[in-house]
Amino acid sequence: MKITQTYTTLAALAAMAAGITSAYADTLKVNHNPTVISESQDLTDASIYESAPSEIKSTDDIEFTHSTTIWGQLVSKISKDFTINKLTYNSKITDIIWSETLLSIANGVKANVNSLNINMDSDDGVAGNTNSLVALDDASVLNIANGITYTDNRQKLGWGSISLSFQGNEKGKLSVGGDIDFINKTNLKDNQIDRYLGFDNIGDVSVGGVIKMSSAINNKIDLTGDWTNKTFKRSLGGIEIGSRGFIQLKSRYVSNIDLEFTNSSKNEFVGTLITRQKANVTCDTDGNKTINTPGEVTDNKLNITMNATDAKNGNQILRFGEYNNFWMDADGVDKGQTKDIYGTTQANNSIATVTVVSGRLDLGMASAMRGEKLVLASSSSTANAIFSATGTTAGSEIGKVTFGEFQGSNGTIVFDFAKNENDFIAIEGAATAADLTFFINMTKSEFDSYLSESATELNYDIMSFQTEDSSFNTPTLAFADSQLTGSLAFNADDSTGITTVKLTITTAAVPEPATVAAILGIAALAFAAYRRRK
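Here the structure is a predicted model, which is why all the values come from computation and not from measurement.

Caption draft 1: Structural view of the overall build of the protein. Looking only at helices and strands, the protein has three helices and 37 strands in total. By residue count, 47% of the 534 residues in the protein fall in the buried class. At a minimum sequence separation of 6, the contacts of the protein that also span at least 24 residues come to 78%. Put simply, the protein shows about 24300 Å² of open surface, and 49% of that area lies on carbon and sulfur atoms.

Written out as structure tokens, the structure reads:
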């Protein structure tokens, strides 16, 4: 009875505490309709709220309703260290407003928000391309413990985009604990509206959850800003874009981006990788643009690291397909002008080092793409660091990747097969490998269907590397189907200096019935002898 009474008392105290917390957690409301561009409201100032609270508590919610009629409007700011629970913006846009600064955080200020919600609306159909901007001044920090939800509710659009940008400098830091999700509730379908997310010039960006976009036109993620030549860190819990995805290295000057994936589940990106390029362009009096001569491609570099928080389930698929186009900046050249402008093009040489430490990375590369180095480096089991080449279109599993070097230690490479094609890894330079596993993803029924008449084995070239300076220990072969077995051969071509790895697949030997009976008999005798010793 005493124990029961004690538990009841503790439960009652917990309920009382929850009631007290709820009572002291308020929703602070602001209605702001600025008429000049400088009228931003300071969220740390209690006097701006309708209820005029004596203090702003860390458990409070803020609901900020405003209208924007001025291009570049400054909506709100945080002037000193600040903590709040939920921050919601209800934004109504009128006319052609290309951007508004929803929130700016002052120099050196640290802002903590539990969740950020943006609800976009408008009264007319011309406000189609509004960019919601969050600006982090020098060395400021924005921590969003959970996620960001951007919901577009505009109902009179003939065209539009859902756009969110974070801007700052190399000393700034953005941390989002959960997902970044773009939700389309406009009158337009997903095949009529773009989605855009930009991390412009912020030195360190971390998103613990998944970036989710589902436009059937364009889903673009800018990893850097336009005018910069720095090194940036980006850590993402995954990217989920099923089609028309663009990962853009936006800098017009050479920048280095370290992109880490920390997935805890399987996510897929289908699209391409683009970077900056100059071109000489003429715009005639009717506004038609002609590319006279393409210019230099900016040598931005992207390092990709797969470091899943859940090694068993964390998987990022990156399908970098063909983008045979030059996407001109819209405002780059006026009517009647001829000049050099910047646009974007396929990033054939931007992939630097791809490293798999934990989890699985599937990479598809357009035919002209080349990475500098592929590394498998699990700190524990070979099954914890998995790489596979894949196709560049949704649903395609067979792919070829090309790298300058390969270094594999304690990892697994998965190979997929069809009847007349298979995954292939081309290493143009040296390859070093130890404690690797090649996992052969084929079933017995597939094996049987791939065999030509009277054949008993299948042969595939699955990898190549430079013979000289390579040290490649024979990997362990593992098969998805226990009825299959096989072997590897390393064929060096002295004329080309290239070694090709050839895989031979056959059926595993099945013991004859007499052999099985003999083995079972020996086992029974051994067990009887063991019983006698006991």
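Caption draft 2: Examining the side chain of Ser67 more closely. Residue placement: Ser67 occurs in strand S3 (residues 61-68). Relative accessible area serves as the criterion here: at 19%, Ser67 is assigned to the buried category. At 2.8 Å, the side chain of Ser67 and the side chain of Asn33 are in polar contact. If sequence neighbours within four positions are ignored, Ser67 has contacts with His32, Asn33, Pro34 and Lys92.

Caption draft 3: Broad picture of the environment of Thr507. With respect to the helices, strands and loops of the structure, Thr507 is situated in strand S37 (residues 498-507). Residue classification places Thr507 among the partly exposed residues on the basis of a relative accessible area of 36%. Among residues more than four places away in sequence, those in contact with Thr507 are Lys444, Phe447, Gln483, Leu484 and Thr485.

Caption draft 4: Region of the structure containing empty space enclosed by the protein. Taken as a whole and judged by the stated rule, the model has one cavity of 30 Å³ or more. The volume enclosed by the largest cavity comes to roughly 50 Å³. Every residue along the wall of the largest cavity is listed here: Leu87, Tyr89, Leu103, Val113, Leu116, Val134, Leu142 and Ile144. Of all the secondary structure elements, the ones that give two or more residues to the lining of the largest cavity are strand S5 (82-93), strand S7 (110-122) and strand S9 (141-144). Taken together, the residues of the lining of the largest cavity sort by class into eight nonpolar, no polar and no charged.

Caption draft 5: Up close: the nonpolar core. Of all hydrophobic cores here, the largest spans 110 residues; its most connected members are Leu43, Phe406 and Phe438. With six residues, the single largest contributor to this core is strand S27 (residues 351-365). Phe406 has contacts with Leu374, Leu376, Ile413, Ile427, Ala430, Ala431, Thr432, Ala433, Leu436, Met463 and Phe472, leaving out every residue within four places of it along the chain. In terms of nonpolar packing, the next biggest core, distinct from the first, is built from six residues, Val281, Cys283, Phe326 and Ile341 among them.

Caption draft 6: Local environment of the environment of Phe387. Inspection of the secondary structure assignment puts Phe387 in strand S29 (residues 385-389). You can call Phe387 buried: its relative accessible area is 0%. Residues Phe387 and Leu376 lie eleven residues apart in sequence; the distance between their C-alpha atoms is 7.7 Å. Setting aside residues no more than four positions away along its own chain, Phe387 makes contact with Val356, Leu361, Leu363, Leu374, Leu376, Val401, Thr412, Ile413, Val414 and Ile425.

Caption draft 7: Representation of the packing of aromatic side chains within the structure. Going through the model one piece at a time under the given rule, you end up with ten aromatic pairs. Aromatic pair Phe269 and Phe320: ring centres 5.9 Å apart, planes at 65 degrees, arrangement edge-to-face. With Phe269 in strand S21 (residues 266-283) and Phe320 in strand S24 (residues 315-320), the pair connects residues that are 51 residues apart, well separated along the chain. Given the relative accessible area of 1%, Phe320 is considered buried. Ring plane angle 55 degrees and centroid distance 5.8 Å describe the contact between Phe472 and Phe490, whose orientation is recorded as tilted. Here the residue Phe472 occupies a position in strand S34 (residues 471-472), and Phe490 occupies one in strand S36 (residues 484-493), the gap between them amounting to 18 residues. Owing to a relative accessible area of 29%, Phe490 belongs among the partly exposed residues under this scheme. Among the aromatic residues, those joined into a ring-pair cluster are Phe406, Phe465, Phe472 and Phe490.

What counts, and at which threshold
- Residues numbered from 1 in each chain as written.
- Predicted model: local features only at pLDDT ≥ 70, side-chain atom pairs only at ≥ 80, totals over all residues.
- Heavy atoms only, no water.
- Helix = DSSP H or I, 4+ residues; strand = E, 2+ residues; numbered from the N terminus.
- Buried < 20%, exposed > 50% of the residue type's maximum accessible area, 1.4 Å probe, protein only.
- Contact = heavy atoms within 4.5 Å.
- Areas by Shrake-Rupley, 256 points an atom, 1.4 Å probe, with all protein chains shown as cover.
- Polar contact = N/O pair within 3.5 Å; in protein donor to acceptor, adjacent residues only side chain to side chain.
- 1 Å grid on protein atoms, 1.4 Å probe; cavity = no way out; pocket = protein on both sides within 12 Å on 5 of 7 lines; lining within 4 Å.
- Points joined across faces, edges and corners; volume = space filled by probe spheres on them.
- Nonpolar A, V, L, I, M, F, W, Y, C, P; charged D, E, K, R; others polar.
- Core = buried A, V, L, I, M, F, W, Y, C linked by side-chain atoms within 4.5 Å.
- Phe/Tyr/Trp six-rings, centres within 6.5 Å; stacked < 30°, edge-to-face > 60°.

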